[in-house]
Amino acid sequence: MAAALDPGEEHTRFVDWAQNNGVEINGIAPAKFVGRGMGIVAAKELKKGDRLVHVSHKSLVTVASPAVQTHKFLSRITVHARLATHLALQFEAQDSTNKPWQDVWPTRSDFETILPLHWPQERQDLLPNAANVLLQNQRTNLEKDYLSIHPFFPSIPKPLFTYTWLIVSTRTFYWAYPDLPPQHRSLPKKRAQLTADDCYAMCPFMDYFNHSSIGCYPAASAGGYSVTADRDYKAGEEVYVSYGSHTNDFLLAEYGFILEENTHDSLPLDHLILPQLSAEQERVLKEDGFHGKYTLSPGEPTICHRTQAVLRLLTLPERRYTAFISGTDEGASDQAKVNDYLIGLLVKYERQIMGILEEVEGIEAEPKSKWVEQKNVLLRRWKQIERIVKGAVVVLGG
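Owing to the predicted nature of the structure, the values given are computational and were not obtained by experimental measurement.

Draft legend 1. Region of interest: unusual backbone geometry. With an omega dihedral of -5 degrees, the bond running from Glu-300 to Pro-301 counts as a cis peptide bond. Looking at where Pro-301 falls in the secondary structure, it is placed in the loop between strand 13 (295-296) and helix 12 (305-315). The phi angle at Tyr-177 is positive, at roughly 55 degrees, despite the residue not being glycine. Along the chain, Tyr-177 turns up in the loop between strand 6 (172-174) and strand 7 (200-202). Even without glycine at this site, Lys-293 takes up a positive phi of about 65 degrees.

Following this line, the structure appears as C-alpha cells:
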C-alpha cells in the first residue's frame, strides 16, 4: 500500500468549498502519494456498494451551465474550446468563485513535466507510434480551438488557453446532459446528434480520483455524478476509478502516465502493416471496411479479426481473403502462413525497439530534472511494448 500523506491546507479548503457547493463526500479524502501526486484514499473502512461521492448536476461545469452560457459562444466552437475559454476567464478573475478548486488543479509546471504535449521535440520523437499519432491529433485540435476563440476573446493568451484546454482534456467526465430535455436550448446540439466530443463535464472533487483499468465506475444520472465502491476497502487504501478501456499509449499521450497492469492494453500495428500494402490492396480494404485499426494483444486473441483479414490479403490469393471476411471459410488451413508473415514483421520491429531503448537509456539527465520522469515513463512503455511483441512471436510459433 503506497504511503498517503496529508495533502496540505489548500486541499482542506477545497474540500470545505466542495461540500458547500453540492458535493457529498462519504468516507474518502484526498491524499498525496510519494512520487505520484494526488489521489483518493479510504478515510475509514468501506464496503462494496457504499456511495463515496455524489456531485450534484448543478455543481458540474458544462456548456449548459448558466455561467458558461453567458459567453454566448458560436455553435461552431467546440465544447472543449468553450469550457477552456470559460476556465481561462475564471482563472484570471480575482473574484472567481472557483478559486479554491483552481488552487488544487495541477500547475502549469506539472503539465510541462508530465504531458507529452509540452515535451521537447527530441523526447516526443521517442514516443511509441500510437502515442505520437494521438499527440499530433491533440496538437491539431488545440491549435484549431485557440484560433476559433481568439477573435472573440483576444485577451486570453495562448499559454493560459493551452493550460485550461489541458485541464479540460485531463479532468472532464462523460456527461450526456441527462438533466435536460431532448430539445433544450442549452444543449450544444440536438440530443440525437451529440457525440462524445460534445459530452464533457468538469466534476469538482471527482477529478481527484486516479485511474485503474479495474476500479470504481462513475455513474451519471439526471441528479449528477456518483461513485460507489466496487469492493471493500481498508482505511488508508487508495480508491481508483476507471476512466474507460484505454491502452497505455492513450494514457501516456492524454494524461502522461501508464499503468503497470492494464487489462485493456494492446499494440496498434498500422505503422507496420499499412506500408506493406499496394494501392490496389488499400482500395480493396477500404471498400470492404477493413483498412487500418490493426492490433496485437497480450491476451487472447493475439491477433484481432481485422489483422487476420489484412494479413490474408497480403499473403494469399484474394479469393482466400474474400472467403475469410465473408465468413464462408474460417481460414484455419492458412493460419500458419499468416502467422509466419506477421512474425517476420514483428522480429524486425523487435530490433527497432532495442535501438530505441538504447537511445532512451543513453540520454544523460540530472537526477531532479523533468527529463528523469519523462525518461522513466518512456523506458517503461517501450519495455511493455517489447514484452507484447516477444510474447506474440512465441504464441504465433516463432
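Draft legend 2. How the structure looks around the pattern of salt bridges. Inspection of the entire model under this criterion finds 16 salt bridges. Here Glu-280 ties to Arg-283 by a salt bridge, and the two come within 2.6 Å at their closest N and O atoms. Of this pair, Glu-280 and Arg-283 both sit in helix 11 (residues 279-288), three residues apart, roughly one helical turn. Residue Glu-280 is classed as partly exposed on the basis of its relative accessible area of 42%.

Draft legend 3. Main features of the confidence of the model for the chain. Per-residue pLDDT for the chain averages 94, and the proportion of residues at 70 or more is 98%. For the chain, per-element mean pLDDT is lowest for strand 1 (residues 4-5), which scores 64, and highest for helix 7 (residues 129-149), which scores 98.

Draft legend 4. A look at the packing of aromatic side chains. A complete count under the given rule lists 15 aromatic pairs for this structure. Considering the side-chain rings of Phe-73 and Phe-153, the 5.6 Å spacing of their centres and the 45 degrees angle between planes classify their relative orientation as tilted. With a gap of 80 residues between them, Phe-73 in the loop between helix 2 (66-69) and helix 3 (79-92) and Phe-153 in the loop between helix 7 and helix 8 (158-171) connect regions that are remote in the sequence. You'll find Phe-73 and Phe-153 in the same group, each marked buried. Aromatic side chains Tyr-243 and Tyr-255 sit 5.2 Å apart centroid to centroid with 50 degrees between the ring planes, which places their arrangement in the tilted category. A residue pair is termed long-range when its members are at least 10 positions apart, and Tyr-243 in the loop between strand 11 (240-241) and helix 9 (248-255) and Tyr-255 in helix 9 qualify at twelve residues. The ring of Tyr-233 carries Arg-231 above its face, with NZ or CZ at 4.0 Å from the centroid.

Draft legend 5. Broad picture of the nonpolar core. Phe-205 and Leu-346 are the most contacted members of the largest nonpolar core, which totals 114 residues. Three or more residues apiece are contributed to this core by two domains, here domain 1 (58-255) and domain 2 (267-397). Once you skip the residues sitting within four places of it in the chain, Leu-346 turns out to touch Leu-269, Leu-272, Leu-296, Val-389, Ala-392, Val-393 and Leu-396.

Draft legend 6. Local environment of the sheet that holds strand 5 (residues 51-56). Pairing in this open sheet of four strands is antiparallel, and the strands run 2-5-10-9 from one edge to the other. Each edge of the open sheet carries a strand with a single partner, namely strand 2 (23-25) and strand 9 (218-221). The sheet shows a mean angle of 15 degrees between the axes of neighbouring strands, taken without regard to direction. Across four bridges, the pairing between strand 9 and strand 10 (residues 224-228) is antiparallel. When the sheet's bridge partners are listed, Ala-219 is paired in strand 10 with Ser-226.

Draft legend 7. A look at the side chain of Lys-375. Turning to its location among the elements, Lys-375 is positioned in helix 15 (residues 370-395). Taking the relative accessible area as the measure of exposure, Lys-375 reaches 16% and is therefore buried. With residues near it in sequence (within four places) discarded, Lys-375 still touches Val-360, Glu-361 and Ile-363.

Draft legend 8. View of the packing of helix 11 against helix 13 (residues 318-326). Interhelical geometry of helix 11 versus helix 13 gives an angle of 15 degrees and a closest axis separation of 13 Å. Taken together, helix 11 and helix 13 sit at an angle that is classed as roughly parallel. Handedness of the helix 11/helix 13 crossing: right-handed. For the pair helix 11 and helix 13, contact is made by Val-284, Leu-285 and Asp-288 and by Glu-318, Tyr-321 and Ile-325, respectively. Considered class by class, the residues forming the contact of helix 11 with helix 13 number four nonpolar, no polar and two charged.

Draft legend 9. Expanded view of the layout of surface pockets. Counted as a void, the second largest pocket has a volume near 430 Å³. Around the second largest pocket, the lining is made up of 25 residues, and of these His-57, Lys-58, Leu-60, Ser-65 and Pro-66 lie nearest the centre. Only helix 2 and helix 3 provide two or more residues apiece to the lining of the second largest pocket. Ranked by the residues each element gives to the lining of the second largest pocket, the list is headed by helix 2, at three residues.

Draft legend 10. Spotlight on the domain arrangement of the chain. Split by domain assignment, the chain resolves into domain 1 (58-255) and domain 2 (267-397). Just the C-alpha atoms count here: the centres of domain 1 and domain 2 sit 31 Å apart. Across the contact, 13 residues belong to domain 1 and 16 residues belong to domain 2. In total, domain 1 and domain 2 occlude about 1,400 Å² of area from one another, counting both sides; carbon and sulfur atoms represent 65% of this. Among the residues domain 1 hides against domain 2, the three largest losses belong to Thr-113, Arg-123 and Leu-126. Together they make up 42% of the total. Scanning the region where domain 1 abuts domain 2 turns up one salt bridge. Between Asp-249 and Arg-381 there is a salt bridge, with its nearest N and O atoms 3.0 Å apart. Summed over the shared surface of domain 1 and domain 2, the result is five residue pairs in polar contact (both at pLDDT 80 or more). Ranked by residue count, the leading element in the side of domain 1 that touches domain 2 is helix 9, at three residues. Among the residues forming the side of domain 1 that touches domain 2, the class breakdown is seven nonpolar, three polar and three charged.

What counts as what
Residues numbered from 1 in each chain as written. Predicted model: local features only at pLDDT ≥ 70, side-chain atom pairs only at ≥ 80, totals over all residues. Heavy atoms only, no water. Helix = DSSP H or I, 4+ residues; strand = E, 2+ residues; numbered from the N terminus. Salt bridge = Lys/Arg side-chain N within 4 Å of Asp/Glu carboxyl O. Buried < 20%, exposed > 50% of the residue type's maximum accessible area, 1.4 Å probe, protein only. pLDDT = per-residue confidence, 0-100. Phe/Tyr/Trp six-rings, centres within 6.5 Å; stacked < 30°, edge-to-face > 60°. Lys NZ or Arg CZ within 6 Å of the ring centre and 35° of its normal. Core = buried A, V, L, I, M, F, W, Y, C linked by side-chain atoms within 4.5 Å. Domains from an automatic or database assignment. Contact = heavy atoms within 4.5 Å. Pairing = 2+ DSSP bridges. Axes fitted to C-alpha atoms, helices over the stretch in contact; angles between N-to-C directions. Parallel < 35°, antiparallel > 145°, perpendicular 65-115°, else oblique. Left-handed = near helix turned anticlockwise from the far one by under 90°. Nonpolar A, V, L, I, M, F, W, Y, C, P; charged D, E, K, R; others polar. 1 Å grid on protein atoms, 1.4 Å probe; cavity = no way out; pocket = protein on both sides within 12 Å on 5 of 7 lines; lining within 4 Å. Points joined across faces, edges and corners; volume = space filled by probe spheres on them. Buried area = accessible area lost by both parts, 1.4 Å probe. Polar contact = N/O pair within 3.5 Å; in protein donor to acceptor, adjacent residues only side chain to side chain.

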